[in-house]
Amino acid sequence: MLNVTKHYRWGTNVFDREWDLLVVLDACRVDALREVADEYDFVNGVESMTSVGSTSFEWMTHTFDRGHQDEIARTAYITSNVYTQRVMGQRGDTGHAAIPFGPTDYDVVRPENLGYLEELWRTKLDDDFEWIVGSGDNTRQSPRYTTDRAISAGRTADTDRLMVHYMYPHDPFPLAEGDLFEPFDPLRVGDVSRESVWDAYLDNLRFVLDEVGVLLENVDAETVVITADHGEAFGEYGFYKQVVGCPLPCMRRVPWATTTATDSKAYKPTGPEPQVGEDTVNVEERLRQLGYV
(Lines give C-alpha, C1' and ligand atoms only; values in the text may rest on other atoms or scores of the structure.)
Protein backbone atom coordinates (compact mmCIF):
# COMPACT_ATOMS: atom_id res chain seq x y z
CA MET A 1 0.00 0.00 0.00
CA LEU A 2 2.87 2.42 0.71
CA ASN A 3 4.12 1.84 -2.82
CA VAL A 4 0.74 3.03 -4.09
CA THR A 5 0.27 6.04 -1.81
CA LYS A 6 3.81 7.26 -2.42
CA HIS A 7 3.07 7.82 -6.11
CA TYR A 8 -0.71 8.35 -6.09
CA ARG A 9 -1.41 10.71 -3.25
CA TRP A 10 -4.73 12.15 -2.26
CA GLY A 11 -5.72 14.62 0.39
CA THR A 12 -4.74 18.21 1.14
CA ASN A 13 -1.29 19.19 2.32
CA VAL A 14 -1.62 21.64 5.22
CA PHE A 15 1.10 23.80 3.70
CA ASP A 16 -1.30 24.55 0.85
CA ARG A 17 -3.72 26.24 3.26
CA GLU A 18 -3.60 29.54 5.11
CA TRP A 19 -2.61 29.56 8.79
CA ASP A 20 -0.17 31.22 11.12
CA LEU A 21 -0.48 28.64 13.89
CA LEU A 22 -1.42 25.04 13.13
CA VAL A 23 -2.39 22.87 16.09
CA VAL A 24 -2.19 19.18 15.17
CA LEU A 25 -4.08 16.84 17.49
CA ASP A 26 -2.80 13.34 16.85
CA ALA A 27 -5.57 10.85 15.92
CA CYS A 28 -8.41 13.34 16.40
CA ARG A 29 -11.66 12.43 14.65
CA VAL A 30 -13.95 15.07 13.18
CA ASP A 31 -17.01 13.79 15.06
CA ALA A 32 -15.09 13.75 18.35
CA LEU A 33 -14.06 17.41 18.07
CA ARG A 34 -17.61 18.34 17.11
CA GLU A 35 -18.96 16.48 20.14
CA VAL A 36 -16.91 18.54 22.61
CA ALA A 37 -16.89 21.81 20.64
CA ASP A 38 -19.55 23.47 22.82
CA GLU A 39 -17.23 23.11 25.83
CA TYR A 40 -14.54 25.37 24.30
CA ASP A 41 -15.02 28.95 23.14
CA PHE A 42 -12.18 28.64 20.64
CA VAL A 43 -13.67 25.62 18.82
CA ASN A 44 -16.24 26.92 16.37
CA GLY A 45 -17.59 25.61 13.09
CA VAL A 46 -15.59 22.38 12.86
CA GLU A 47 -15.16 21.71 9.17
CA SER A 48 -13.21 18.80 7.70
CA MET A 49 -10.71 17.94 5.01
CA THR A 50 -9.03 14.83 3.67
CA SER A 51 -5.63 14.19 5.23
CA VAL A 52 -2.63 13.12 3.16
CA GLY A 53 -2.25 10.08 5.39
CA SER A 54 -4.14 7.63 7.57
CA THR A 55 -1.18 7.21 9.95
CA SER A 56 1.36 9.64 11.40
CA PHE A 57 4.15 8.10 9.32
CA GLU A 58 2.22 8.53 6.08
CA TRP A 59 0.99 12.02 6.99
CA MET A 60 4.50 13.20 7.81
CA THR A 61 6.11 11.81 4.66
CA HIS A 62 3.49 13.49 2.47
CA THR A 63 3.39 16.76 4.45
CA PHE A 64 7.09 17.56 4.81
CA ASP A 65 7.94 16.92 1.16
CA ARG A 66 10.47 18.90 -0.85
CA GLY A 67 7.71 20.35 -3.00
CA HIS A 68 6.78 22.52 0.00
CA GLN A 69 10.34 23.24 1.08
CA ASP A 70 10.00 27.03 0.91
CA GLU A 71 7.03 27.05 3.28
CA ILE A 72 8.65 24.47 5.54
CA ALA A 73 11.77 26.61 5.82
CA ARG A 74 9.60 29.40 7.26
CA THR A 75 7.92 27.13 9.80
CA ALA A 76 8.73 26.24 13.42
CA TYR A 77 7.65 22.67 14.20
CA ILE A 78 7.19 21.71 17.85
CA THR A 79 6.34 18.03 17.94
CA SER A 80 5.86 15.17 20.36
CA ASN A 81 5.51 12.67 17.50
CA VAL A 82 8.46 10.29 17.29
CA TYR A 83 8.19 9.78 13.53
CA THR A 84 10.29 12.88 12.84
CA GLN A 85 13.30 10.59 13.28
CA ARG A 86 12.26 8.02 10.68
CA VAL A 87 10.74 10.47 8.24
CA MET A 88 13.10 13.45 8.30
CA GLY A 89 16.14 11.90 9.92
CA GLN A 90 16.08 8.67 7.89
CA ARG A 91 14.16 9.77 4.76
CA GLY A 92 11.12 7.63 5.46
CA ASP A 93 12.68 4.46 6.87
CA THR A 94 9.70 2.20 7.61
CA GLY A 95 11.63 0.16 10.14
CA HIS A 96 9.34 -2.07 12.18
CA ALA A 97 6.45 0.36 12.54
CA ALA A 98 3.74 -2.14 11.60
CA ILE A 99 4.65 -1.63 7.94
CA PRO A 100 6.03 -4.87 6.49
CA PHE A 101 7.04 -3.48 3.11
CA GLY A 102 7.07 -0.32 1.10
CA PRO A 103 9.35 2.45 -0.15
CA THR A 104 12.47 3.02 1.91
CA ASP A 105 13.18 6.50 0.64
CA TYR A 106 10.84 9.48 0.41
CA ASP A 107 11.35 12.93 -1.07
CA VAL A 108 11.19 14.59 2.33
CA VAL A 109 13.08 17.50 3.84
CA ARG A 110 15.86 17.02 6.35
CA PRO A 111 15.49 18.29 9.95
CA GLU A 112 17.82 21.18 9.18
CA ASN A 113 15.51 22.33 6.38
CA LEU A 114 12.87 23.47 8.84
CA GLY A 115 12.92 27.01 10.11
CA TYR A 116 12.99 25.65 13.65
CA LEU A 117 12.46 22.16 15.08
CA GLU A 118 11.97 20.77 18.57
CA GLU A 119 11.45 17.00 18.91
CA LEU A 120 9.90 16.85 22.36
CA TRP A 121 9.79 13.06 22.46
CA ARG A 122 13.58 13.12 22.83
CA THR A 123 13.41 14.75 26.26
CA LYS A 124 13.89 12.45 29.27
CA LEU A 125 11.24 13.50 31.77
CA ASP A 126 10.75 10.23 33.66
CA ASP A 127 11.69 11.73 37.02
CA ASP A 128 10.08 15.13 36.50
CA PHE A 129 6.40 14.78 37.39
CA GLU A 130 5.70 18.39 36.46
CA TRP A 131 5.73 17.20 32.86
CA ILE A 132 4.47 13.64 33.33
CA VAL A 133 0.86 12.46 33.62
CA GLY A 134 -0.40 9.13 34.91
CA SER A 135 1.06 6.84 37.54
CA GLY A 136 3.14 3.70 37.83
CA ASP A 137 3.74 2.07 34.48
CA ASN A 138 0.88 4.01 32.90
CA THR A 139 2.58 7.34 32.35
CA ARG A 140 2.94 9.65 29.35
CA GLN A 141 4.54 12.96 28.60
CA SER A 142 2.03 15.61 29.59
CA PRO A 143 0.53 17.84 26.90
CA ARG A 144 1.51 20.75 29.18
CA TYR A 145 5.13 20.15 28.17
CA THR A 146 4.18 20.56 24.50
CA THR A 147 2.25 23.73 25.37
CA ASP A 148 5.20 25.09 27.34
CA ARG A 149 7.74 24.55 24.55
CA ALA A 150 5.31 25.84 21.90
CA ILE A 151 4.77 29.08 23.81
CA SER A 152 8.52 29.52 24.08
CA ALA A 153 8.97 28.95 20.34
CA GLY A 154 6.04 31.19 19.49
CA ARG A 155 7.69 34.06 21.31
CA THR A 156 11.29 33.51 20.20
CA ALA A 157 11.52 31.55 16.93
CA ASP A 158 12.31 33.66 13.88
CA THR A 159 9.74 32.02 11.60
CA ASP A 160 6.52 33.00 9.88
CA ARG A 161 4.52 29.95 10.90
CA LEU A 162 4.25 27.76 13.97
CA MET A 163 3.08 24.13 13.85
CA VAL A 164 2.43 22.42 17.20
CA HIS A 165 1.92 18.64 17.13
CA TYR A 166 0.36 17.25 20.31
CA MET A 167 0.54 13.47 20.82
CA TYR A 168 -3.09 13.51 22.04
CA PRO A 169 -5.87 12.29 21.91
CA HIS A 170 -3.87 9.31 20.55
CA ASP A 171 -3.80 6.43 22.99
CA PRO A 172 -2.62 5.38 25.57
CA PHE A 173 -5.13 7.23 27.76
CA PRO A 174 -3.27 8.24 30.96
CA LEU A 175 -6.43 9.53 32.67
CA ALA A 176 -8.08 6.11 32.35
CA GLU A 177 -7.52 2.96 34.37
CA GLY A 178 -7.25 -0.75 33.68
CA ASP A 179 -7.91 -1.90 30.12
CA LEU A 180 -8.86 1.63 29.11
CA PHE A 181 -5.25 2.84 29.33
CA GLU A 182 -4.46 0.94 26.11
CA PRO A 183 -7.99 0.06 25.04
CA PHE A 184 -7.99 -1.01 21.42
CA ASP A 185 -6.88 -4.62 21.82
CA PRO A 186 -9.44 -5.13 24.63
CA LEU A 187 -12.05 -3.45 22.43
CA ARG A 188 -11.20 -5.73 19.51
CA VAL A 189 -11.80 -8.87 21.56
CA GLY A 190 -14.83 -7.52 23.40
CA ASP A 191 -13.34 -7.07 26.86
CA VAL A 192 -14.43 -3.42 26.93
CA SER A 193 -17.31 -1.64 25.24
CA ARG A 194 -17.02 0.85 22.39
CA GLU A 195 -18.89 3.37 24.54
CA SER A 196 -16.37 3.15 27.38
CA VAL A 197 -13.42 3.50 24.98
CA TRP A 198 -15.10 6.42 23.21
CA ASP A 199 -15.68 8.18 26.55
CA ALA A 200 -12.02 7.68 27.51
CA TYR A 201 -10.99 8.99 24.10
CA LEU A 202 -13.11 12.11 24.55
CA ASP A 203 -11.57 12.67 27.99
CA ASN A 204 -8.14 12.47 26.37
CA LEU A 205 -9.29 14.97 23.76
CA ARG A 206 -10.57 17.35 26.45
CA PHE A 207 -7.25 16.95 28.25
CA VAL A 208 -5.31 18.27 25.27
CA LEU A 209 -7.89 20.93 24.35
CA ASP A 210 -7.46 22.41 27.83
CA GLU A 211 -3.79 22.83 26.90
CA VAL A 212 -4.63 24.30 23.51
CA GLY A 213 -6.61 26.93 25.40
CA VAL A 214 -3.48 27.86 27.36
CA LEU A 215 -1.46 28.01 24.14
CA LEU A 216 -3.95 30.32 22.43
CA GLU A 217 -3.75 32.78 25.32
CA ASN A 218 0.04 32.96 25.16
CA VAL A 219 1.02 33.30 21.49
CA ASP A 220 0.10 35.80 18.80
CA ALA A 221 -1.45 34.35 15.65
CA GLU A 222 -4.07 35.93 13.43
CA THR A 223 -5.15 32.66 11.84
CA VAL A 224 -5.09 29.55 14.02
CA VAL A 225 -6.27 26.18 12.76
CA ILE A 226 -6.96 23.12 14.90
CA THR A 227 -6.63 19.94 12.86
CA ALA A 228 -5.22 16.40 13.01
CA ASP A 229 -2.73 14.27 11.14
CA HIS A 230 -5.24 11.42 10.84
CA GLY A 231 -8.33 10.04 12.54
CA GLU A 232 -9.04 6.86 14.46
CA ALA A 233 -11.04 3.67 13.84
CA PHE A 234 -13.27 2.25 16.56
CA GLY A 235 -14.27 -0.94 14.78
CA GLU A 236 -15.60 0.47 11.51
CA TYR A 237 -15.46 -2.37 8.94
CA GLY A 238 -13.35 -4.35 11.40
CA PHE A 239 -10.60 -1.71 11.68
CA TYR A 240 -9.15 -0.33 14.91
CA LYS A 241 -6.76 2.59 15.53
CA GLN A 242 -4.99 3.43 12.24
CA VAL A 243 -3.90 1.50 9.16
CA VAL A 244 -1.50 2.90 6.58
CA GLY A 245 -3.02 3.79 3.21
CA CYS A 246 -6.58 3.30 4.45
CA PRO A 247 -9.30 5.34 2.68
CA LEU A 248 -11.94 5.02 5.44
CA PRO A 249 -13.30 8.47 6.40
CA CYS A 250 -12.83 7.73 10.12
CA MET A 251 -9.08 7.68 9.44
CA ARG A 252 -8.70 10.05 6.49
CA ARG A 253 -11.14 12.86 7.33
CA VAL A 254 -9.68 15.29 9.86
CA PRO A 255 -11.03 18.43 11.58
CA TRP A 256 -10.35 21.93 10.33
CA ALA A 257 -11.44 24.53 12.90
CA THR A 258 -10.29 28.14 12.66
CA THR A 259 -9.75 30.60 15.51
CA THR A 260 -7.24 33.26 16.67
CA ALA A 261 -4.64 33.64 19.40
CA THR A 262 -3.40 36.60 21.46
CA ASP A 263 -0.43 36.55 23.79
CA SER A 264 -1.43 37.72 27.26
CA LYS A 265 2.12 37.02 28.55
CA ALA A 266 0.50 35.31 31.53
CA TYR A 267 2.35 32.02 31.09
CA LYS A 268 6.10 31.79 31.70
CA PRO A 269 7.70 28.75 30.02
CA THR A 270 9.97 26.71 32.28
CA GLY A 271 10.16 23.35 30.49
CA PRO A 272 13.59 21.94 29.59
CA GLU A 273 14.69 22.03 25.98
CA PRO A 274 14.84 18.62 24.26
CA GLN A 275 18.32 17.23 23.86
CA VAL A 276 19.85 15.08 21.17
CA GLY A 277 22.42 12.48 22.18
CA GLU A 278 23.06 9.03 23.59
CA ASP A 279 21.13 9.73 26.77
CA THR A 280 17.88 10.74 25.07
CA VAL A 281 14.81 8.53 24.79
CA ASN A 282 15.11 5.59 22.40
CA VAL A 283 12.98 5.78 19.22
CA GLU A 284 11.93 2.14 19.40
CA GLU A 285 10.84 2.53 23.01
CA ARG A 286 8.66 5.53 22.18
CA LEU A 287 7.08 3.62 19.28
CA ARG A 288 6.34 0.68 21.59
CA GLN A 289 4.71 3.01 24.11
CA LEU A 290 2.34 4.20 21.38
CA GLY A 291 1.56 0.69 20.15
CA TYR A 292 3.36 0.95 16.81
CA VAL A 293 5.74 -2.01 17.33
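Everything here concerns the structure above.
A quick note: this is a predicted structure, and the numbers were derived from the prediction, not measured.

Asker: Describe the overall build of the protein, and please don't skip the residues or the numbers.
Answerer: Along its length, the protein carries 10 helices and 11 strands. Counting only residues that meet the buried cut, the protein has 57% of its 293 residues in that class.

Asker: Lay out the pattern of salt bridges with the relevant residues and their values.
Answerer: Scanning all chains against the criterion turns up 16 salt bridges. Asp-263 is paired through a salt bridge with Arg-155; the nearest N and O atoms lie 3.0 Å apart. Placement of the pair is Asp-263 in the loop between β11 (253-261) and α10 (283-289) and Arg-155 in helix α6 (residues 143-156), with a sequence separation of 108 residues. Judged by relative accessible area, Asp-263 falls into the buried class, the value being 12%. Taking relative accessible area as the criterion, Arg-155 reaches 28% and is therefore assigned partly exposed.

Asker: Describe the side chain of Arg-161, listing the residues and the values that go with them.
Answerer: On the secondary structure map, Arg-161 appears in strand β7 (residues 161-169). Arg-161 has contacts with Phe-15, Arg-17, Glu-18, Trp-19, Asp-20, Glu-71, Arg-74, Thr-75 and Ala-76, leaving out every residue within four places of it along the chain.

Asker: Any details on the environment of Phe-15? Residues and values, ideally.
Answerer: By the secondary structure assignment, Phe-15 is in the loop between α1 (2-7) and β1 (21-26). With 56 residues separating them along the chain, Phe-15 and Glu-71 place their C-alpha atoms 6.8 Å apart. Look past the residues within four positions of Phe-15 in its chain and what remains in contact with it is Thr-63, Phe-64, His-68, Glu-71, Ile-72, Thr-75, Arg-161 and Met-163.

Asker: Break down the nonpolar core for me, citing the residues and quoting the values.
Answerer: Ranked by size, the top nonpolar core spans 81 residues in total, and within it Leu-21, Leu-25, Phe-64 and Met-163 carry the most contacts. At 13 residues, the largest contribution of residues to this core is made by helix α8 (residues 194-216). Setting aside anything within four residues of it in sequence, one finds Met-163 in contact with Val-14, Phe-15, Trp-19, Leu-22, Val-24, Trp-59, Phe-64, Thr-75, Ala-76, Tyr-77 and Ile-78. Within the second largest apolar cluster, five residues are counted, among which are Cys-246, Leu-248, Cys-250 and Met-251.

Asker: Lay out the environment of Asp-126 in plain terms, naming residues and giving numbers.
Answerer: Of note, Asp-126 is situated in the loop between β4 (116-119) and β5 (132-135). Of the residues examined, Asp-126 reaches a relative accessible area of 52% and is grouped as exposed. For the pair Asp-126 and Arg-140, spaced 14 residues apart in sequence, the C-alpha to C-alpha distance is 8.9 Å.

Asker: Break down the environment of Asp-137 for me, citing the residues and quoting the values.
Answerer: Position of Asp-137 among the secondary structure elements: in the loop between β5 and β6 (138-141). Each C-alpha atom of the pair Asp-137 and Pro-174 lies 10.0 Å from the other, and the pair is 37 residues apart in sequence.

Asker: Could you give an account of helix α3 (residues 56-63), with specific residues and numbers?
Answerer: Most of α3 sits out of view: eight of its eight residues are buried. Within α3, burial applies to Ser-56, Phe-57, Glu-58, Trp-59, Met-60, Thr-61, His-62 and Thr-63.

Asker: How would you summarise the pairing of strand β3 (residues 75-79) if you had to cite specific residues and measurements?
Answerer: Counting buried positions along β3 yields five of five residues, so the element is predominantly enclosed. Burial of β3 is two-sided: the residues Thr-75, Tyr-77 and Thr-79 facing one way and the residues Ala-76 and Ile-78 facing the other way are all buried. Taken together, the five bridges between β3 and β7 define a ladder with parallel strand orientation. Paired with Thr-75 across the bridge in β7 is Arg-161. Direction of pairing for β3 relative to β4: parallel, over a ladder of four bridges. Bridging across to β4, Ala-76 finds its partner in Tyr-116.

Asker: Account for unusual backbone geometry, with residues named and values stated.
Answerer: Pro-169 follows Tyr-168 through a cis peptide bond whose omega is 10°. Considering the arrangement of structural elements, one finds Pro-169 in strand β7. Cis geometry marks the peptide bond from Asp-171 to Pro-172, where omega comes out at 5°. Looking at the secondary structure, you find Pro-172 in the loop between β7 and α7 (184-189).

Asker: Residue-level account of the sheet that holds β3, with values.
Answerer: With mixed pairing, the seven strands of this open sheet are ordered in space as β2-β11-β8-β1-β7-β3-β4. The open sheet terminates on both sides in strands that have one partner only, identified here as β2 (47-50) and β4. Strand-to-strand, the axes of this sheet are offset by a mean angle of 20°, without reference to chain direction. Where strand β8 (residues 221-227) meets β11, four bridges bridge the pair, whose relative direction is antiparallel. Looking at the pairing, Val-225 lines up with Thr-258 of β11. Packed on one face of the sheet, α8 meets β1, β7, β8 and β11 and runs near 155° to β7.

Calculation criteria
Residues numbered from 1 in each chain as written. Predicted model: local features only at pLDDT ≥ 70, side-chain atom pairs only at ≥ 80, totals over all residues. Heavy atoms only, no water. Helix = DSSP H or I, 4+ residues; strand = E, 2+ residues; numbered from the N terminus. Buried < 20%, exposed > 50% of the residue type's maximum accessible area, 1.4 Å probe, protein only. Salt bridge = Lys/Arg side-chain N within 4 Å of Asp/Glu carboxyl O. Contact = heavy atoms within 4.5 Å. Core = buried A, V, L, I, M, F, W, Y, C linked by side-chain atoms within 4.5 Å. Pairing = 2+ DSSP bridges. Axes fitted to C-alpha atoms, helices over the stretch in contact; angles between N-to-C directions.

Honestly, it's all geometry; don't read function into it.
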